[in-house]
Amino acid sequence: MHFTSAWVGWALCCLCASLAASAQDYPEDDEMILDLIREDGTQPETGAEPAAEFLKCNKAAWRMPGQYLVVLRQGTHDSHVQRTIRRLRAKAARRGYLLEILQTYSGALHGFLVKMSSDVLHLAVKLPQVHYIEEDSSVFAQSAPWNLQRLLQPHGGTSENGTYRPPNDGGMAEVYLMDGSVQSSHREVEGRVLITDFNNVPDEDGVRVHRQASQCDSHGTHMAGVVSGSDSGVARGAGVNLVRVLNCQGKGTVSGALAGMEYIRATLLVRPVDAVVVLLPFIGGSSRSLNAACRDLVANGAVVIAAAGNYRDDACLYSPASEPEVITVGAVNSADQLMSQGAGGTNFGRCVDLFAPGDDIVSASSDCSTCFTSRSGTSQAAAHAAGVAAVILSSNQNVSPVYVLHMLLHYSISNTIDLLSLSDTHRLSTPNLVAAMPPANSTNGELLCRSVWSERSGVTSTAKAMSRCRRGEEMMSCSSYTPDGVHAGETMTVNSGQMECVAYNARGGKGVYAVARCCVSGGLQCQVHASPEPGRDAECVSPQHHLTGCTSRSTAEISSDSRPHHGERKRCVVKDGMSSHAVCCHSPSLECHLLENTSADKDQLEVSCPSGWTLTDCSAISQGSVISWSVAKGNSCHVRSATGADGAAGIAVCCRVRPPPDQPATTPQ
């Protein structure tokens with residue numbers, strides 16, 4: 001893995017509030033800050049950009065007033081950081097305020113952490129080069145005591161006598177664990193854990209905190225044991241490097257986590273490692289800075305795995321779980337059902353990539369060097385996924401982070417979780433996947449795909465939703481979905497070199513989802529060809545390309561799916577007034593076929609790709625004016641027609657990378 005010093009730009013909207021909003025959205029203290037910024041007569045310095053944003057955590061109880069991350073604009077350097085610090089000191093001193101610089105950042109972010117009165121914020125936001133200011137906030141370990149449990153290994157990882165036998169021990173990978181302390185002398189992790197010299201934690205709450213060593217080490221020791229413990233670990237040969245960012249109460253700060261990531265980044269620049277997993281077993285409120293730092297690590301080759309959170313809530317409301325480039329892991333119990341903890345439980349939703357065992361997990365206890373205990377939480381689930389990732393990387397150290405994600409998803413156990421307790425919206429977008437160890441004979445030449453859901457759009461006739469793939473993925477199809485079938489279709493656009501799937505709500509619709517089908521395979525490249533005009537088919541131009549998906553869009557009426565057609569002309573067949581995009585893909589040995597299923601007496605049906613083939617597109621065939629809609633679930637296309645329709649019909653596009661001659665081949669029938 002090779003790290004570069006390239007600064008990664010911000011790509012996501014932060015759920016932290018901005019002071020640009022109206023004062024009625026804020027409590028009294030925030031209204032005071034707003035008034036200071038609005039009424040202050042100080043203007044931005046000559047030639048400066050407009051005043052920067054002020055962001056705060058969306059979880060009010062986790063905020064840390066008086067401590068702020070000042071983040072500079074893209075393209076700034078260390079000299080700009082120091083100059084900005086001097087200017088802020090001078091301006092604050094002239095008004096009788098002192099400030100304390102606690103940390104500077106020069107990796108994924110350029111900026112500094114400052115302790116100062118909120119009265120100085122109106123000066124800081126108007127300084128040149130300041131992009132935004134984020135109030136510091138707390139992050140928390142995601143564990144709670146629970147009962148005994150075992151680790152499910154469905155792909156032959158357990159021998160007849162119960163001995164745990166993964167394909168390898170993960171010994172070619174290094175795991176950076178960002179946690180509290182670890183009892184490195186415990187027999188489970190002795191010789192496996194390196195306690196780094198990094199330590200950035202806040203003081204414990206309260207005046208009488210009993211800092212007993214076993215309490216301070218409890219979460220980190222348990223996590224290290226789950227990852228690489230000699231008896232309880234998933235990847236027992238993997239090295240664990242502790243980066244301490246949580247205190248004895250399992251509490252840290254966004255600023256401390258950022259500093260920890262900078263430490264990891266700097267360490268890997270000095271000592272590059274091919275296979276790196278960064279494990280983040282904590283949760284904070286949504287933070288643009290924390291997500292950006294995670295994105296930077298992934299862009300430079302690290303597999304970053306985060307806990308989804310234990311709040312029985314939408315994981316998209318928290319960081320780092322909400323960062324799309326992070327592998328976010330929820331927790332299930334021994335029955336592969338959503339983990340529950342009293343009033344809490346595992347987080348869920350479209351920001352979760354998969355689930356893993358996280359209930360009653362037995363691992364090392366810090367009570368003594370031979371003690372064990374069981375704990376539950378999405379921290380434990382993330383540790384399982386990190387161990388599996390270390391095993392995958394040890395089989396092939398040169399695979400990308402996004403390929404590790406696809407391997408995790410591909411070998412997961414599907415459709416065992418009962419999601420009926422979730423709302424309709426979350427039930428649709430929450431993945432029904434439980435992590436499992438890949439078999440020893442797994443290969444990296446397959447076509448692997450996943451569905452990426454957007455959040456639901458608004459309900460106006462002009463509302464739309466957007467979904468995109470991760471770096472390293474190709475979008476092989478784009479579709480839209482609504483539970484009632486009322487939508488105006490979808491299109492594919494290119495924004496800053498990245499493909500986007502955009503879905504449109506229709507008049508009377510209740511909101512629409514955009515669903516991108518994102519895939520990886522060696523040498524895979526996809527192009528998009530638009531229909532020349534409404535009513536004309538979109539088609540693939542090159543004979544070397546395969547039609548893998550079709551979009552359809554209508555500005556005049558409710559949309560129906562365009563119909564993929566393979567043959568001499570690979571095209572998307574549309575009705576009058578409809579426009580379409582044909583997604584045309586090529587890679588060595590890629591082949592695609594259509595599967596069609598029609599039922600005259602059922603209003604819903606399923607079209608599934610056979611073993612060895614991967615679903616890339618799913619289309620419903622309209623029956624006259626009757627509304628039909630489809631959705632891809634795993635490797636199957638689910639089609640439904642409105643009540644009273646004369647049956648249902650659907651088409652699935654199934655693709656694969658052709659196996660070598662010595663392997664048996666199957667053809668979709």
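It should be noted that the structure appears before, not after, this text.
Definitions and cut-offs
Residues numbered from 1 in each chain as written. Predicted model: local features only at pLDDT ≥ 70, side-chain atom pairs only at ≥ 80, totals over all residues. Heavy atoms only, no water. Salt bridge = Lys/Arg side-chain N within 4 Å of Asp/Glu carboxyl O. Helix = DSSP H or I, 4+ residues; strand = E, 2+ residues; numbered from the N terminus. Buried < 20%, exposed > 50% of the residue type's maximum accessible area, 1.4 Å probe, protein only. Contact = heavy atoms within 4.5 Å. Axes fitted to C-alpha atoms, helices over the stretch in contact; angles between N-to-C directions. Parallel < 35°, antiparallel > 145°, perpendicular 65-115°, else oblique. Left-handed = near helix turned anticlockwise from the far one by under 90°. Nonpolar A, V, L, I, M, F, W, Y, C, P; charged D, E, K, R; others polar. Core = buried A, V, L, I, M, F, W, Y, C linked by side-chain atoms within 4.5 Å. Expected span 1.5 Å × (residues − 1). Pairing = 2+ DSSP bridges. Phe/Tyr/Trp six-rings, centres within 6.5 Å; stacked < 30°, edge-to-face > 60°.

So, on to the pattern of salt bridges. Across all of its chains, the model carries 15 salt bridges by this definition. Across the pair aspartate 313 and lysine 59 runs a salt bridge, and its minimum N-O distance is 3.8 Å. One end of the pair, aspartate 313, is in the loop between strand E14 (303–307) and strand E15 (318–319); the other, lysine 59, is in the loop between strand E2 (53–56) and strand E3 (63–72), and 254 residues separate them in sequence. The partner of glutamate 500 in a salt bridge is arginine 468, and the shortest N-O contact between them spans 2.4 Å.

The next point concerns the side chain of threonine 548. Among the secondary structure elements, threonine 548 is positioned in strand E32 (residues 546–553). Since its relative accessible area comes to 0%, threonine 548 is described here as buried. In this structure threonine 548 touches Met476, Ser477, Val583, Cys585, Cys592, Thr616, Asp617, Val653 and Cys655, once residues within four positions along its chain are discounted.

Where helix H7 (residues 378–395) contacts helix H8 (residues 401–410), the axes come no closer than 10 Å and their chain directions differ by 110°. In terms of orientation, H7 lies roughly perpendicular with respect to H8. Here H7 and H8 pass one another in a crossing that is right-handed. Judged by residue contacts, Ala385, Val388, Ala389, Ile392 and Leu393 of H7 engage Val404, Met407 and Leu408 from H8. Class assignment for the residues of the contact of H7 with H8 results in eight nonpolar, no polar and no charged.

Counting residues in hydrophobic clusters, the biggest one holds 53 residues, and the most contacted among them are Leu279, Ile305 and Val329. Excluding residues within four positions of it along the chain, isoleucine 305 makes contact with Val277, Val278, Leu279, Leu280, Val326, Ile327, Val329, Ala382, Ala385, Ala386 and Ala389. Counting residues in each nonpolar core, the second largest holds 38 residues, with Val245, Ala257, Met261 and Val304 among its members.

Counted at 1.5 Å a residue, the expected span for H7 with its 18 residues is 26 Å, and the 26 Å between its end C-alpha atoms agrees. Among the 18 residues of H7, 17 are classified as buried, and the element is accordingly described as predominantly covered.

Let's shift gears to the pairing of strand E26 (residues 474–481). Among the eight residues in E26, six count as buried, and that is most of the element. Both E26 and strand E29 (residues 513–520) contribute to a ladder of seven bridges, which runs antiparallel. If you follow glutamate 474 over to E29, its bridge partner there is cysteine 519.

This part takes up the sheet that holds E26. With antiparallel pairing, the three strands of this open sheet are ordered in space as E24-E29-E26. Bordering the open sheet on either side are strand E24 (448–453) and E26, each of which pairs with just one other strand. With strand direction ignored, the average angle separating the axes of adjacent strands in the sheet is 20°. Lying over the sheet, H8 contacts E24 and E29, oriented at roughly 95° with respect to E24.

Each aromatic ring pair is specified by the distance between its two centres and by the angle formed by the two planes. A complete count under the given rule lists seven aromatic pairs for this structure. Their ring planes at 50° and their centres at 5.4 Å tell us that tryptophan 62 and tyrosine 311 sit as a pair that is tilted. Linking tryptophan 62 in the loop between E2 and E3 with tyrosine 311 in the loop between E14 and E15, this pair joins segments that are 249 residues apart in sequence. When its relative accessible area of 13% is taken as the criterion, tryptophan 62 is described as buried.

This part covers the packing of helix H5 (residues 254–270) against helix H6 (residues 288–299). Running from N to C, H5 and H6 point in directions that differ by 15°, and their axes come no closer than 10 Å. Taken together, H5 and H6 sit at an angle that is classed as roughly parallel. Pair H5 / H6 crosses with left-handed handedness. Residues Val254, Ala257, Leu258, Met261 and Arg265 of H5 lie in contact with H6, whose contacting residues are Ser289, Leu290, Ala293, Cys294, Asp296 and Leu297. When its residues are assigned to classes, the contact of H5 with H6 shows eight nonpolar, one polar and two charged.

This next bit is on the sheet that holds strand E41 (residues 648–657). Strand order in this open sheet of three strands is E36-E41-E38, and the pairing throughout is antiparallel. Bordering the open sheet on either side are strand E36 (590–599) and strand E38 (614–620), each of which pairs with just one other strand. Averaged over all pairs of adjacent strands, the angle between strand axes in this sheet comes to 20°, irrespective of strand direction. Both E38 and E41 contribute to a ladder of six bridges, which runs antiparallel. Its bridge partner lying in E41, cysteine 618 is registered against alanine 652.

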